[in-house]
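Tertiary structure, described
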Amino acid sequence: MTSPSDSTSPSESPGPVPTRGTERQEPLAAGMAALANMGWQILLTMGLASIALGVVALVWPGATLRVAGVLFGIYLLVIGVFQLAGAFGTHVPRHLRVLHFITGAVSILLGLISFRGTLESILLLALWIGFSWLLRGTTETAAAASAQEMPARGWHVAFGIIGALAGVVMIIMPFASIATLTLVVGVMAIVLGLTEIVRAIRTRIEIGHLAAGTATQRRPLFHARPHPQH
């Protein structure tokens, strides 16, 4: 006599039952794959946009400078409004309210001047960049010269001097310097865009290799086995 459980044929045996851990890993793997695909697509988009910006800067440098001047004017206006709003804030100490008010008023005035014409906006942009480079270069050189234990101290001194000299040149010859800077920015944008595109392609290839390797390594956790016959 055989019991009812022994009379069950092998074909009727239940298949592999997925464990709870496997059910949790599948959505996680799908999310990681979607995130990886989004990453290389973002890199590709950024690369194409950078190349387009570089080409525009090289082909139409005058129009690029006009757009940069307008954006710089808007930047000055926004910064000025925030500075004025901060001057009347309750959290700002009294001795800083005057400074916030003066800097905000000056920023708004410069922003309005930059909207008077292309030459004014380009001149203000060049002077702004020149004084920023000069201040940063001088500060970096002084800090590296005073700190004896600073790592790569010689490089900091060299870069500081180069930055300060570039700022002086930008201040002395603003229009010629800003035109040269536009061409340099255009070339750098194209190089950066090509680099981002190469990175996107390599990332896409690596994702494909990983997906193929994961598919070949998948094996069932449980194998259907026939019940022993008595």
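Below, the structure is looked at part by part. For every chain, the first residue of the written sequence is number 1, and numbering continues from 1 onward in sequence order. Predicted model: local features are reported for residues with pLDDT of at least 70 only, side-chain atom pairs are reported and counted for 80 or more only, and whole-chain, interface and lining totals are derived from all residues. Computation of side-chain values: all heavy atoms of the structure, hydrogens and water removed.

1. Notes on the environment of methionine 173
Secondary structure follows DSSP: runs of H or I at least 4 residues long count as helices, runs of E at least 2 residues long count as strands, and numbering of each begins at the N terminus. The topology assignment puts methionine 173 in the loop between helix 5 (153-172) and helix 6 (174-217). Here the term buried applies to any residue with accessible area under 20% of the maximum for its type, exposed to any over 50%, and partly exposed to those in between, with areas from a 1.4 Å probe on protein chains only. The exposure class of methionine 173 is partly exposed, given its relative accessible area of 46%. Note: C-alpha distance between methionine 173 and glycine 130 (43 residues apart in sequence) is 9.7 Å.

2. What about the packing of aromatic side chains?
Stacked, edge-to-face and tilted labels apply to pairs of Phe, Tyr and Trp rings (six-membered ring for Trp) whose centres lie within 6.5 Å, assigned for plane angles under 30 degrees, over 60, and everything in between, in that order. Applying the stated criterion across every chain yields a total of 4 aromatic pairs. On the basis of an interplanar angle of 70° and a centroid distance of 5.4 Å, the ring pair of phenylalanine 72 and tryptophan 128 is categorised as edge-to-face. Of the two residues, phenylalanine 72 sits in helix 2 (residues 61-87) while tryptophan 128 sits in helix 4 (residues 118-146), which places them 56 residues apart along the sequence. Residue tryptophan 128 is classed as partly exposed on the basis of its relative accessible area, which comes to 38%. Here the aromatic cluster, defined as three or more aromatic residues joined through ring pairs, consists of Phe72, Tyr75 and Trp128.

3. Considering the nonpolar core
Buried Ala, Val, Leu, Ile, Met, Phe, Trp, Tyr and Cys residues form a nonpolar core when they are joined through side-chain atoms within 4.5 Å. One finds Leu65, Phe72, Leu76, Ile122, Leu124, Leu125, Ala126, Ile129, Met170 and Ile178 forming the largest nonpolar core, which totals 10 residues. Among the secondary structure elements, those contributing two or more residues to this core are helix 2 and helix 4. Take this core: its biggest share by element is 5 residues, from helix 4. By the convention used here, residues are in contact when the closest approach between their heavy atoms is within 4.5 Å. Not counting chain neighbours up to four residues away, the residues in contact with leucine 124 comprise Phe72, Leu110, Ile113 and Ser114.

4. Regarding the pattern of salt bridges
By convention in these notes, a salt bridge is any Lys or Arg side-chain nitrogen within 4 Å of a carboxyl oxygen on Asp or Glu. A complete count under the given rule lists 1 salt bridge for this structure. Note that glutamate 196 is salt-bridged to arginine 199, the shortest N-O span being 3.6 Å. In this pair, glutamate 196 and arginine 199 both sit in helix 6, 3 residues apart, roughly one turn of the helix. Residue glutamate 196 is classed as buried on the basis of its relative accessible area, which comes to 12%.

5. Overview of the environment of leucine 53
Mapped onto the secondary structure, leucine 53 falls in helix 1 (residues 20-59). Looking at leucine 53, the relative accessible area reads 53%, which means it is exposed. Put simply, leucine 53 and glycine 193 are 140 residues apart on the chain and 9.2 Å apart in space, counted from C-alpha to C-alpha.

6. Re the side chain of serine 107
By secondary structure assignment, the location of serine 107 is in helix 3 (residues 94-114). Excluding its chain neighbours within four sequence positions, the residues that come into contact with serine 107 are Leu76, Leu77, Ile79 and Gly80.

7. Some words on a nonpolar patch on the surface
Residues enter a patch when their relative accessible area is above 30% and they make no salt bridge; the linking distance is 9 Å between like charges and 5 Å between nonpolar side chains (Val, Leu, Ile, Met, Phe, Trp, Tyr). Using a 1.4 Å probe, the Shrake-Rupley method yields the accessible areas, and only the shown protein chains count as cover for residues. Taken together, the side chains of Val55, Val56, Leu58, Val59, Trp60, Leu183, Val187 and Val191 define a hydrophobic patch exposed on the protein surface, amounting to about 660 Å² of accessible area. Residue assignment for the nonpolar patch shows that the elements contributing at least two residues are helix 1 and helix 6. The biggest single contributor to the nonpolar patch is helix 1, with 4 residues. Following the sequence through the fold, valine 187 ends up in helix 6.

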